[in-house]
Amino acid sequence: MTSRFIITGTDTGVGKTIFAAALTAALDASYWKPVQAGLDEETDLALVTRLAELPPGRAIPEAYRLTTPCSPHRAAELDGIEIDPKRLHVPEVEGPLVIEGAGGALVPLTRALLYADVFADWGLPVIIVARTSLGTINHSLMTIEALRKRQIMVHGIAFVGEANADSETTICEIGKVRRLGRLAPLDVIDAGGLANAFAAGFDIIDFLP
């Protein structure tokens, strides 16, 4: 068996892609972001490839590359297409795999399909990435509830930001979810610094089968 995880966030901008890059590097995994919305700046695939120092064979191309940085359903509409879930099959790879969603678990891919619905079809464990600042308790617990409502296994929660022991403990106790660790803020984000921060904040054993 190999490790295969879906990475989702409690909101946009919580550090999900940075965590995904750190986990990808730590596991020597392949990385896949099925839908990229927004192409003007560095894409998530490009960022993870750089930070995880991925060789070409482990950087899996997106199923959809959409022009506008907004919700995938709307970005697809603006590009004159509709996302077809049949194109979102989990890729067959050798070794571990990290799959990153977009924003939060209930982000729509179409006007009738949410990312969480696709997660349920995939049947893989989900890691929730949450910030530690004000508002994270509510957002985290809602994300946990939304995933469990669909019988999706929550592997645990990874925090990103300054330490906030009470919020982190509260989320894990009420949500009955494992605290995987916390990725501390970095002044400069590069491959070496991110690897060191992950090693300091997480135990790789928690991500092995």
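See the structure shown above.
What counts and what doesn't
Residues numbered from 1 in each chain as written. Predicted model: local features only at pLDDT ≥ 70, side-chain atom pairs only at ≥ 80, totals over all residues. Heavy atoms only, no water. Helix = DSSP H or I, 4+ residues; strand = E, 2+ residues; numbered from the N terminus. Rg over C-alpha atoms; globule rule 2.2 N^0.38 Å. Buried < 20%, exposed > 50% of the residue type's maximum accessible area, 1.4 Å probe, protein only. Contact = heavy atoms within 4.5 Å. Patch = residues over 30% accessible without salt bridge, like charges linked within 9 Å, V, L, I, M, F, W, Y side chains within 5 Å. Areas by Shrake-Rupley, 256 points an atom, 1.4 Å probe, with all protein chains shown as cover. Salt bridge = Lys/Arg side-chain N within 4 Å of Asp/Glu carboxyl O. Pairing = 2+ DSSP bridges. Axes fitted to C-alpha atoms, helices over the stretch in contact; angles between N-to-C directions. Phe/Tyr/Trp six-rings, centres within 6.5 Å; stacked < 30°, edge-to-face > 60°. Lys NZ or Arg CZ within 6 Å of the ring centre and 35° of its normal.

A. Up close: the overall build of the protein. Secondary structure assignment for the protein yields seven helices and eleven strands. Here the C-alpha atoms of the protein give a radius of gyration of 16 Å, agreeing with the 17 Å that 2.2 N^0.38 yields for 209 residues. Of all 209 residues assigned to the protein, the portion counted as buried reaches 52%. Across the protein, every contact between residues at least 6 apart in sequence was considered, and the portion connecting residues at least 24 apart equals 70%.

B. Highlighting a nonpolar patch on the surface. A contiguous nonpolar patch, built from Ile204, Ile205 and Leu208 and spanning about 260 Å² of accessible area, is present on the exposed surface. Secondary-structure assignment places Ile205 in the segment after helix H7 (191-201).

C. Representation of the pattern of salt bridges. Summed over all chains, the structure comprises ten salt bridges. The salt bridge involving Lys16 is made with Glu100; its shortest N-O contact spans 2.7 Å. Of this pair, Lys16 sits in helix H1 (residues 16-27) while Glu100 sits in strand S6 (residues 97-104), and the two are 84 residues apart along the sequence. Here Lys16 falls in the buried class, since its relative accessible area comes to 8%.

D. Expanded view of the pairing of strand S1 (residues 4-9). Counting buried residues along S1, five of its six residues qualify, which places the element largely inside the surrounding structure. Pairing geometry for S1 and S6, over five bridges, is parallel. Bridging from a neighbouring strand, Phe5 pairs with Val98 of S6. In this sheet, strand S9 (residues 126-131) lies alongside S1 in parallel orientation, the contact comprising four bridges. Within the sheet, the bridge partner assigned to Thr8 lies in S9 and is Ile128.

E. Up close: the sheet that holds S9. The parallel open sheet is built from seven strands, whose spatial order is S4-S2-S6-S1-S9-S10-S11. Two strands close off the open sheet at either side, each with one partner strand: strand S4 (59-60) and strand S11 (179-183). Strand direction decides the pairing type here: strand S2 (residues 30-32) and S6, joined by three bridges, are parallel. By the bridge assignment for S6, Trp32 is matched with Ile99. Against the sheet, helix H5 (residues 136-149) contacts S1, S9 and strand S10 (154-160), and its axis sits at roughly 165° relative to S9.

F. Molecular detail of the packing of aromatic side chains. Under the counting rule described, the total for this entry stands at ten aromatic pairs. Summarising the aromatic geometry, the rings of Tyr115 and Phe119 are spaced 5.4 Å apart at their centres and angled 40° between planes, so their arrangement reads as tilted. Linking Tyr115 with Phe119, this pair stays in helix H4 (residues 115-122), spanning four residues, or about one helical turn. The pair Tyr115 / Phe119 is uniform in exposure class, with both members buried. When the ring of Phe198 is compared with that of Phe207, the centres are 5.7 Å apart and the planes differ by 45°; the resulting orientation is tilted. Among the aromatic residues, ring-to-ring pairing joins Phe5, Phe19, Phe198, Phe202 and Phe207 into one connected group. It is Arg87 that lies over the ring of Tyr64; its NZ or CZ is 4.1 Å from the centre.

G. Just the environment of Val129, in detail. Residue position: Val129 is located in strand S9. Distance in space between the C-alpha atoms of Val129 and Ile7 is 7.1 Å, their sequence separation being 122 residues. If sequence neighbours within four positions are ignored, Val129 has contacts with Ile7, Thr8, Gly9, Thr10, Val14, Gly15, Lys16, Phe19, Ala158 and Val160.

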